[in-house]
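# Observations on the three-dimensional arrangement
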Amino acid sequence: LEIDKNRAEISRRLIAACPAKDSIKIETVDAFDYDYSWLGHDDLVFVSVDVDHKKIVNKVLKTSKAHINICAPYDKTWLVNLVRSFKSS
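Procedures and definitions
- Residues numbered from 1 in each chain as written.
- Predicted model: local features only at pLDDT ≥ 70, side-chain atom pairs only at ≥ 80, totals over all residues.
- Heavy atoms only, no water.
- Helix = DSSP H or I, 4+ residues; strand = E, 2+ residues; numbered from the N terminus.
- Areas by Shrake-Rupley, 256 points an atom, 1.4 Å probe, with all protein chains shown as cover.
- Salt bridge = Lys/Arg side-chain N within 4 Å of Asp/Glu carboxyl O.
- Buried < 20%, exposed > 50% of the residue type's maximum accessible area, 1.4 Å probe, protein only.
- Phe/Tyr/Trp six-rings, centres within 6.5 Å; stacked < 30°, edge-to-face > 60°.
- Lys NZ or Arg CZ within 6 Å of the ring centre and 35° of its normal.
- Core = buried A, V, L, I, M, F, W, Y, C linked by side-chain atoms within 4.5 Å.
- Right-handed = clockwise from strand over helix to strand, strands pointing away.
- Contact = heavy atoms within 4.5 Å.

The subject of this paragraph is the overall build of the chain. Broken down by element type, the chain carries three helices and two strands. Accessible surface computed for the chain: about 6700 Å², of which carbon and sulfur atoms make up 55%.

Structure below.
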């Protein structure tokens, strides 16, 4: 899922050149507005650390059975921040 049309188009072009091109689809939508209800135990949701991940994580947890991963460009700091963010909620 990508909210920005330009980044979504770049993603589509990159995916078209990779071996997994038939397994990955980019949708231009706000991740909070997406319907996760069809996702099951074998599905993964990767959330970028630079978005309101708390809001998205809560929606995924409430509406699906998917596993959630927070993507971060640095080593494990995201995990500490995620735990802290839920403690302060």
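Moving on, there is more to tell.
A complete count under the given rule lists three salt bridges for this structure. In this structure, the salt-bridge partner of Glu-9 is Arg-12, at a minimum N-O distance of 3.8 Å. A residue pair is termed a helical-turn pair when its members lie 3 or 4 positions apart in one helix, as Glu-9 and Arg-12 do in helix α1 (residues 5–16) at three residues. With relative accessibility at 32%, the residue Arg-12 sits in the partly exposed group. Put simply, Glu-9 and Arg-13 hold a salt bridge, and the shortest N to O gap is 3.1 Å. Of this pair, Glu-9 and Arg-13 both sit in helix α1, separated by four residues, roughly a single helical turn. Residue class for Glu-9 comes out partly exposed when judged on its relative accessible area of 33%.

What follows concerns the packing of aromatic side chains. As enumerated under the stated definition, the model contains one aromatic pair in all. Both rings, one in Tyr-34 and one in Tyr-36, keep their centres 5.0 Å apart while their planes meet at 75°; by these two values the pair is edge-to-face. Taking NZ or CZ as reference, Lys-55 lies 4.4 Å from the ring centre of Phe-32, over its face. Of note, Lys-59 hangs over the ring of Phe-32, and the distance from its end group to the ring centre comes to 5.1 Å.

Within the largest apolar cluster, 11 residues are counted, these being Tyr-34, Tyr-36, Leu-39, Val-45, Val-47, Ile-56, Val-57, Val-60, Ala-66, Ile-70 and Leu-82. Contributing elements (two or more residues each) for this core: β1 (44–48) and α2 (53–63). Considering every element that reaches this core, the biggest residue donor is α2, with three residues.

This paragraph deals with the pairing of β1. Residues Val-45 and Val-47 line the buried face of β1, whereas the alternating positions Leu-44, Phe-46 and Ser-48 sit on a face that is not buried. Since β1 and strand β2 (residues 67–71) lie parallel, the crossover through α2 that links them has a hand, and here it is right-handed.

Here we come to the environment of Asp-52. You can see Asp-52 is positioned in the loop between β1 and α2. Sequence-wise, Asp-52 and Ala-31 are 21 residues apart; in three dimensions their C-alpha atoms are separated by 9.7 Å.

It is worth spelling out the side chain of His-53 at this point. Looking at where His-53 falls in the secondary structure, it is placed in helix α2. When its relative accessible area of 16% is taken as the criterion, His-53 is described as buried. Those residues in contact with His-53, other than ones at most four positions away along the chain, are Val-47, Ser-48, Ile-70, Leu-82 and Ser-85.

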